[in-house]
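Chains, contacts and geometry: an overview
Letter by letter, the chains look like this.
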There are 2 protein chains.
Amino acid sequence: MMKRLLLLSNSRSADEEPFYWAADTICDFFGAGVQELLFIPYAGVTLGWDNYTDWVKKALAPLGYRVLGLHTQDDPRLAVQRAAALIVGGGNTFHLLYHLYQNNLIETIRERVLVVGIPYMGWSAGGNVACPTLQTTNDMPIIMPPSFNALNLIPFQINPHYTALHPPGHMGETRDDRIKEFIEVNRSVKVAGLPEGCLFRIEGDQIHMQGRHYVRIFQYGAEIKDLDAISDFSFLLEPN
Amino acid sequence: MMKRLLLLSNSRSADEEPFYWAADTICDFFGAGVQELLFIPYAGVTLGWDNYTDWVKKALAPLGYRVLGLHTQDDPRLAVQRAAALIVGGGNTFHLLYHLYQNNLIETIRERVLVVGIPYMGWSAGGNVACPTLQTTNDMPIIMPPSFNALNLIPFQINPHYTALHPPGHMGETRDDRIKEFIEVNRSVKVAGLPEGCLFRIEGDQIHMQGRHYVRIFQYGAEIKDLDAISDFSFLLEPN
């Protein structure tokens, strides 16, 4: 089976309902065959996993999907093994990865997505965790996972909520500074800065970007590239 | 001996020479007895440690100090054991902590500061690493240290470059959201959001804040507090 991923920079936008900006693509991605989505809420921290699941239920009900919270299942591994589709929410990436390890889910999710071929949708932290590592997160390291290695479903890193903006007067690092530090230390890995309102759709060896903004590509030893939705992103799927 | 720390949110400000905003306090802190500062450049990533050390040399020469780069020393532990004063630079906090562990310096620095009482100045990542952990950093986790536990020279966490600003339209977490996630998971630890142009000076059991901005205090189960330079910060030095 081919792998199928929909990786969104964000769920909410300022003026619209959650997922509204990507609704058509989400429905097309899951197709008519999928009715229930298994939701992994582990990135949620202050909201609580029940509340987070309710929020996702309400957001995806108008699109015709039922949502099941993984944290409500007695045996999370079994629930993943039975799921027809996975959705992984944003929040704190360290918290998400910590609880994926805690519940021994890394290999199970990899098998479901890479071998069985069930569709995987992730937004923000849920997109980041599909990458080789969590190392391009913007989140605070509030808890230490046993490893920074993540699901490794794709061979490149996403930086979610990517922005080239820099608050005036702020003397800390810009986002570009931070990503350049990452590629300095991790030279073989490419990074895609994915602005809000943008997503990657991966179907086997095909990758497309959708969104009205440019995606910024960082690669050690190469100039920064800004690519739009009609660009060829297939180089991102090449092995490192 | 009493412990002596000067923890700055930042080194540079937009319109002035590096450290200019804190120059009087720096001179008063080290006093006339200290001529040479041992500089730990490990937070530097893209600049390189030689260039970073040169930058600090130039910045502190007008204040009358010589600066020695720790990375130029054959035996870093011995260099720390002989140092009259330590300065720890900003950059990437994960990179800094990784190399402190790599060079087996954690306990040596703690002994010099807590037992012998040599002065410790840190800015940005160099202030953060004086805390119990690195877990309130804003930096990207570009490298995994063996532990998030840091120098633990003070019992509270600093969030450097603290800002309540939020770029318009950005749907990711605010800085306050991120720190609230931290205290949700680490309930016994207080966090001080230290804006640029602010510093903490700690002399034994005395702590003072200096700067024209408010420091925002986050504590689990308590309302957020904004404290100015004439406020009493001694509660931050209480054990957790």
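In case you missed it, the structure is sitting above this.
Treat the numbers as computed from the prediction; the structure is a model and nothing was measured.

1. Quick notes on the interface of chain B and chain A
Facing the 43 residues of chain B at the interface are 43 residues of chain A. Together chain B and chain A conceal approximately 3,600 Å² of surface at their shared face, both sides included; 65% is due to carbon and sulfur atoms. A per-residue breakdown of the area chain B buries against chain A is headed by M140, M144 and M171 of chain B, which together make up 21% of the total. In this assembly, chain B and chain A are joined by two salt bridges. As a salt-bridge pair, R178 of chain B and D139 of chain A come within 2.9 Å of each other at their nearest N and O atoms. At the boundary of chain B with chain A, the tally comes to twelve residue pairs in polar contact (both at pLDDT 80 or more). Secondary-structure elements contributing two or more residues to the side of chain B that touches chain A are α4 (93–102), β6 (157–162) and α7 (175–185) of chain B.

2. Quick word on helix α5 (residues 106–116) of chain B
Among the residues of α5 of chain B, those classed as buried are I106, T108, I109, R112 and V113 of chain B. Its buried side turned inward, α5 of chain B meets β2 (36–40), α3 (76–82), β4 (86–88), α4 and β5 (120–123) of chain B.

3. Structural notes on the packing of aromatic side chains
Throughout the structure, instances matching the rule amount to 27 aromatic pairs over all chains. A ring pair is formed by F39 of chain B and W123 of chain B, whose centres lie 6.0 Å apart and whose planes are at 5 degrees; its orientation type is stacked. On the criterion of sequence distance, the pair formed by F39 of chain B in strand β2 and W123 of chain B in strand β5 is long-range, its members being 84 residues apart. For F39 of chain B, a relative accessible area of 0% gives the class buried. Using a relative accessible area of 2% as the deciding quantity, one classes W123 of chain B as buried. Following the ring pairs from residue to residue traces out a cluster consisting of F19, F39, Y52, W55 and W123 of chain A. Above the face of the F29 of chain A ring, R4 of chain A is positioned so that its terminal group lies 4.6 Å from the ring centre.

4. Observations regarding the relation of the copies chain B and chain A
It takes a turn of 180 degrees to lay chain B on chain A, together with a shift of 0.0 Å along the axis; the resulting RMSD is 0.0 Å. Within this description, the copies of the chain are treated as partners about a two-fold rotation axis. Interface overlap between copies: 100% of the residues of chain B at the interface are likewise at the interface in chain A, consistent with a symmetric, same-surface contact.

5. Focus: the sheet that holds β4 of chain B
Residue and element names in this part refer to chain B. Across the sheet, seven strands lie side by side as β3-β2-β4-β5-β1-β8-β9; this open sheet has mixed pairing. Strands at the two margins of the open sheet, each flanked by one partner only, are β3 (66–69) and β9 (206–210). Each adjacent strand pair in this sheet contributes to an overall mean axis angle of 20 degrees, direction not counted. Relative to β5, strand β1 (residues 4–8) runs parallel, the two being bridged by four bridges. Note on β5: the bridge partner recorded for L6 is M121. Packing of helix α2 (residues 49–60) onto the sheet brings it into contact with β2, β3, β4 and β5, and relative to β3 it is tilted by some 170 degrees.

6. Quick notes on the environment of L7 of chain B
Residue and element names in this part refer to chain B. Within the secondary structure, L7 sits in strand β1. Taking C-alpha positions, L7 is 15 Å from Y20, a pair spaced 13 residues apart along the chain. Beyond its immediate stretch of four places on either side in the chain, L7 contacts Y120, G122, G127, A130, I154, I158, L194, C198, L199, F200 and I202.

7. A closer look at the state of the cysteines
All names here are of chain A. As enumerated under the stated definition, the model contains zero disulfides over all chains in all. Of the cysteine sulfurs around C131, a residue in no disulfide, the closest is that of C198, at 15 Å. Residue C131 is classed as buried on the basis of its relative accessible area, which comes to 0%. For C198, a relative accessible area of 0% puts it in the buried group.

8. Quick notes on the side chain of R175 of chain B
With respect to the helices, strands and loops of the structure, R175 of chain B is situated in helix α7. One polar contact links R175 of chain B to N138 of chain B, side chain to side chain, over a distance of 3.2 Å. Other than its neighbours up to four places away in sequence, R175 of chain B contacts M140 and H170 of chain A together with N138, N159, P160, H161, Y162 and T163 of chain B.

9. Description of the side chain of T137 of chain A
Tracing the backbone through its elements, the reader meets T137 of chain A in the loop between α6 (125–128) and β6 (157–159). Judged by its relative accessible area of 2%, T137 of chain A falls in the buried class. Here D139 of chain A takes part through its backbone nitrogen, which lies 2.9 Å from a polar atom of the side chain of T137 of chain A. Those residues within four positions of T137 of chain A in sequence are excluded, and the remaining contacts are T93, F94 and N128 of chain A together with M140 and P141 of chain B.

10. Focus on the pairing of strand β1 (residues 4–8) of chain A
Residues and elements named next belong to chain A. For β1, the tally of buried residues reaches five of five residues, placing the bulk of the element in the interior. Residues of β1 alternate between two faces, with R4, L6 and L8 on one and L5 and L7 on the opposite face, all of them buried. Here β1 runs beside strand β8 (residues 199–203); their pairing, made up of five bridges, is antiparallel. Its bridge partner being in β8, L7 is matched across the sheet by F200.

11. Regarding the nonpolar core
For soluble globular proteins, the rule of thumb is that nonpolar side chains tend to be buried together. Judged by nonpolar contacts, the single largest core of 118 residues is most densely connected at Y120 and F200 of chain A together with Y120 and F200 of chain B. Core analysis: the next-biggest nonpolar cluster, separate from the first, contains 24 residues, L8, W21, Y65 and V67 of chain A among them.

12. What to know about the pattern of salt bridges
Residue and element names in this part refer to chain A. In this structure the tally under the stated criterion is 20 salt bridges over all chains. Measuring nitrogen to oxygen at the nearest pair gives 3.6 Å for the salt bridge that ties R66 to E36. A residue pair is termed long-range when its members are at least 10 positions apart, and R66 in strand β3 (residues 66–69) and E36 in strand β2 (residues 36–40) qualify at 30 residues. A residue is classified by how much of its surface remains accessible, and E36, at 32% relative accessible area, is partly exposed. The network of salt bridges with shared partners includes R4, D28, R201 and E203.

Criteria and thresholds
Residues numbered from 1 in each chain as written. Chains lettered and ligands numbered in written order. Predicted model: local features only at pLDDT ≥ 70, side-chain atom pairs only at ≥ 80, totals over all residues. Heavy atoms only, no water. Contact = heavy atoms within 4.5 Å. Buried area = accessible area lost by both parts, 1.4 Å probe. Salt bridge = Lys/Arg side-chain N within 4 Å of Asp/Glu carboxyl O. Polar contact = N/O pair within 3.5 Å; in protein donor to acceptor, adjacent residues only side chain to side chain. Helix = DSSP H or I, 4+ residues; strand = E, 2+ residues; numbered from the N terminus. Buried < 20%, exposed > 50% of the residue type's maximum accessible area, 1.4 Å probe, protein only. Phe/Tyr/Trp six-rings, centres within 6.5 Å; stacked < 30°, edge-to-face > 60°. Lys NZ or Arg CZ within 6 Å of the ring centre and 35° of its normal. Least-squares fit on C-alpha atoms with pLDDT ≥ 70 in both. Pairing = 2+ DSSP bridges. Axes fitted to C-alpha atoms, helices over the stretch in contact; angles between N-to-C directions. Disulfide = S-S within 2.5 Å. Core = buried A, V, L, I, M, F, W, Y, C linked by side-chain atoms within 4.5 Å.

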